[in-house]
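Here is how the chains run, residue by residue.
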Amino acid sequence: MIRALILPSIAVLALAACGQSEEPAASAPETPAEAPAQTPDPNALSAQGWGPLRIGMTRAEVVAALGEDANPDAVGGPDPESCDQFRPERAPENLLLMLEQGVLTRISVSNGSDLQTDRGFSVGDSAAAIKAAYGADAQVSPHKYAEAPAEYITVWTDGPSDEPYREDADARGVVYEIGTDGNVSMIHVGGPSIQYVEGCA
């Protein structure tokens, strides 16, 4: 008799369980989307170049990108075949290129230029701000022709160098030339020629 009562009870419970709707599984919390990687500003001066110009380009490639010398009558260097400086026709004002043996080795900007480096610095910024931003990577040396606080702040992409003068053609860096007012008067980016203090020398 007891067994007869238990079986119908089990059947009723099973039917009731089948009629219940299943609870939806808790969804896993959504992971926040990763921020897109920032693309380097192509119009920022960097140790590798600026805009359409890359250090290592041939003169023909430079001319194709930005045009011929805007002032062909100007003397760009004592021996233009070995070292020449000029501003292409379509380049911003106060931007000067250096080509050695027909290859782009340096890009410089001077007073009046509003171009910035990839660290956000431009002509007129203070030496103190640059040193604070680069920290131990900034190498400071006395200016050859002006008294302190005039100086050169050099930053190599592969870190500070123990060499007094870099000659490795693959070396890339940035030089902030500081004037007697303690502010940037010129910026040079590129290869070892960023160390020149008199144009092509």
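As shown above, the structure is provided for reference.
Since the model is a prediction, treat every value here as computed from it, not as a measurement.

All right, on to the overall build of the protein then. Assigned secondary structure in the protein consists of 3 helices and 9 strands. Secondary structure elements in the protein, listed N-terminal to C-terminal, are α-β-β-α-β-β-β-α-β-β-β-β. Residue burial in the protein is summarised as follows: out of 201 residues, 39% are buried. Counted over contacts in the protein with a minimum sequence separation of 6, partners at least 24 positions apart contribute 48%.

Applying the stated criterion to the full structure yields 4 salt bridges. For glutamate 93, the salt bridge goes to arginine 87, with nearest N and O atoms at 3.5 Å.

Another aspect to go through is the layout of surface pockets. One number sums up the size of the largest pocket: a volume of about 360 Å³. Together, 20 residues line the largest pocket, and Ser141, Tyr152, Thr154, Pro164 and Gln195 are the ones closest to its centre. For the lining of the largest pocket, the secondary structure elements donating two or more residues are strand E6 (139-142), strand E7 (151-156) and strand E8 (173-178). Among the elements that make up the lining of the largest pocket, the one with the highest residue count is E6 (4 residues). A class-by-class count of the residues in the lining of the largest pocket yields 10 nonpolar, 6 polar and 4 charged. Quantified by volume, the second largest pocket comes out at close to 150 Å³. Per-class residue counts for the lining of the second largest pocket are 5 nonpolar, 4 polar and 2 charged.

Cut-offs used in this document
Residues numbered from 1 in each chain as written. Predicted model: local features only at pLDDT ≥ 70, side-chain atom pairs only at ≥ 80, totals over all residues. Heavy atoms only, no water. Helix = DSSP H or I, 4+ residues; strand = E, 2+ residues; numbered from the N terminus. Buried < 20%, exposed > 50% of the residue type's maximum accessible area, 1.4 Å probe, protein only. Contact = heavy atoms within 4.5 Å. Salt bridge = Lys/Arg side-chain N within 4 Å of Asp/Glu carboxyl O. 1 Å grid on protein atoms, 1.4 Å probe; cavity = no way out; pocket = protein on both sides within 12 Å on 5 of 7 lines; lining within 4 Å. Points joined across faces, edges and corners; volume = space filled by probe spheres on them. Nonpolar A, V, L, I, M, F, W, Y, C, P; charged D, E, K, R; others polar.

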